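Notes for the structure review
Each chain is listed here by its residues.
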Amino acid sequence: MTGGKTILITGAGSGIGRATARAFDAAGWRVALMGRREAALRETLAHGLILPADVGEPAQVEAAFTRLEGEWGRLDVLFNNAGQAAKAAPIDEIPVESWLSVMNANINGMFLVARAAFGLMRRQDPQGGRIINNGSISAHVPRPGSAPYTMSKHAVTGLTRTLGLDGRAFNIACGQIDIGNALTKMAAAFPGGVPQADGSIRAEPVMDVAHVSDAVLHMAGLPLSVNIPFLTIMARDMPYLGRG
């Protein structure tokens, strides 16, 4: 292995994952990109370590980590970012298939990738590393009609807390970034108006996704003796604090 710290970013083919991959590359890190669409990963960063894989498929995750370990020998940071949402609806109108799809990406995928990264960080020499899970404002409070996504993000918080405890024995730190209204495709409709808790439709402010990648860079750059267990970053005036 030669040169620079290493990071693996899941969901790197678009949105926050893409922005973060490019930010780490610009900062001199060696970047591995995982996602289902190889072409999108190459569009993000053609010279990165491209690892096409569905995070919810155990064999694909295992194969990707085997290749990563073979290429680099170690992993310093995982940004466990991949996830998906379902169309907003009351729980009885949400198709079971949509529920299962969200759970596979947001819970199974988070677990499988964290498991593989933890194992590599535990056995590498020198031992240790950092896992940063992408939670969400939805890990704290829901939007209307968001049962699958909100449940999955509350589960991510449980994973973060557990890894933060279990990792101490192996010099592995684990933190979570909870993001609100970063301007990606998922948030593109927010300035035009989205449903609120009182039944109204109102515009919501958004923020540049670069602020998210800067925050992840800061978390990743800390010494392993220091951890930010939970960091919330959001467009200042989004309806989250107070009464909205």
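Quick note: structure is the one above.
This write-up is about the structure you can find in this document.

1. Quick word on the overall build of the chain
- Counting its regular elements, the chain contains six helices and nine strands.
- Radius of gyration (C-alpha) of the chain: 18 Å, near the 18 Å computed for a compact globule of 244 residues.
- With the C-alpha coordinates aligned to their principal axes, the bounding extent of the chain is approximately 55 × 35 × 35 Å.
- In the chain, which comprises 244 residues, the proportion classed as buried is 50%.
- In the chain, 68% of the contacts between residues at least 6 apart in sequence involve partners at least 24 apart.
- Here the chain displays about 11700 Å² of accessible surface, and carbon together with sulfur accounts for 55% of that area.
- Both charge centroids of the chain, one from 22 positive and one from 20 negative side chains, sit 3 Å from each other.

2. Regarding the pairing of strand E5 (residues 129-134)
- By the criterion of burial, E5 is predominantly enclosed, with six of the six residues buried.
- Neither face of E5 is exposed, since Gly 129, Ile 131 and Asn 133 on one face and Arg 130, Ile 132 and Asn 134 on the opposite face are all buried.
- By the bridge criterion, four bridges tie strand E4 (residues 77-80) to E5 in an arrangement that is parallel. The residue bridging Phe 79 from the neighbouring strand is Ile 132, located in E5.
- With helix H4 (residues 96-123) bridging E4 and its parallel neighbour E5, the resulting β-α-β unit is right-handed.
- Relative to strand E6 (residues 172-180), E5 is paired through six bridges, and the arrangement is parallel. Residue Gly 129 lies in a different strand from E6, and its bridge partner there is Ile 172.
- Viewed along the sheet, the connection from E5 through helix H5 (residues 147-166) into E6 turns out right-handed.

3. Here we look at the packing of aromatic side chains
- Throughout the structure, instances matching the rule amount to two aromatic pairs.
- Ring centres of Phe 24 and Trp 29 lie 4.9 Å apart, and the angle between their planes is 85 degrees; on these two criteria the pair is classed as edge-to-face. Summarising the burial analysis for this pair, Phe 24 and Trp 29 share the class buried.
- An angle of 80 degrees between the planes, with centres 5.9 Å apart, marks the rings of Phe 118 and Phe 170 as edge-to-face. Here Phe 170 lies in the loop between H5 and E6 and Phe 118 lies in helix H4, a separation of 52 residues in the sequence.
- You can call Phe 118 buried: its relative accessible area is 12%.
- Residue classification places Phe 170 among the buried residues on the basis of a relative accessible area of 18%.

Reading guide: rules and limits
- The numbering scheme is per chain: residues are counted from 1 as the chain's sequence reads.
- Reporting of local features is limited, given that this is a predicted model, to residues whose pLDDT is at least 70; pairs of side-chain atoms are given and counted only at 80 or more, and all residues count toward the totals for whole chains, interfaces and linings.
- To obtain the side-chain values, all non-hydrogen atoms of the structure were used and water was disregarded.
- Here a strand is any run of E in DSSP of at least two residues, a helix any run of H or I of at least four, and the numbering for each starts at the N terminus.
- Atoms counted for the radius of gyration: C-alpha only. Globule rule: 2.2 Å times the number of residues to the power 0.38.
- Under the scheme applied here, a residue whose accessible area is under 20% of the maximum for its type counts as buried, over 50% as exposed, and between as partly exposed, the area being computed with a 1.4 Å probe on protein chains only.
- Every residue pair with non-hydrogen atoms within 4.5 Å of one another is taken to be in contact.
- Only the protein chains shown count as covering a residue, and every accessible area follows the Shrake-Rupley method with a 1.4 Å probe.
- Under the counting rule used here, the positive set is Lys and Arg, the negative set is Asp and Glu, and His together with the chain ends is not counted.
- For this purpose, a charge sits on NZ of Lys, CZ of Arg, CG of Asp or CD of Glu.
- At least two bridges found by DSSP between two strands is the condition for calling them paired.
- Place the viewer so that the strands point away; then a crossover is right-handed whenever the path from the first strand over the helix to the second strand goes clockwise.
- Pairing of aromatic rings covers Phe, Tyr and Trp, the last counted by its six-membered ring, and requires centre-to-centre distances within 6.5 Å; plane angles under 30 degrees mean stacked, over 60 mean edge-to-face, and any other angle means tilted.

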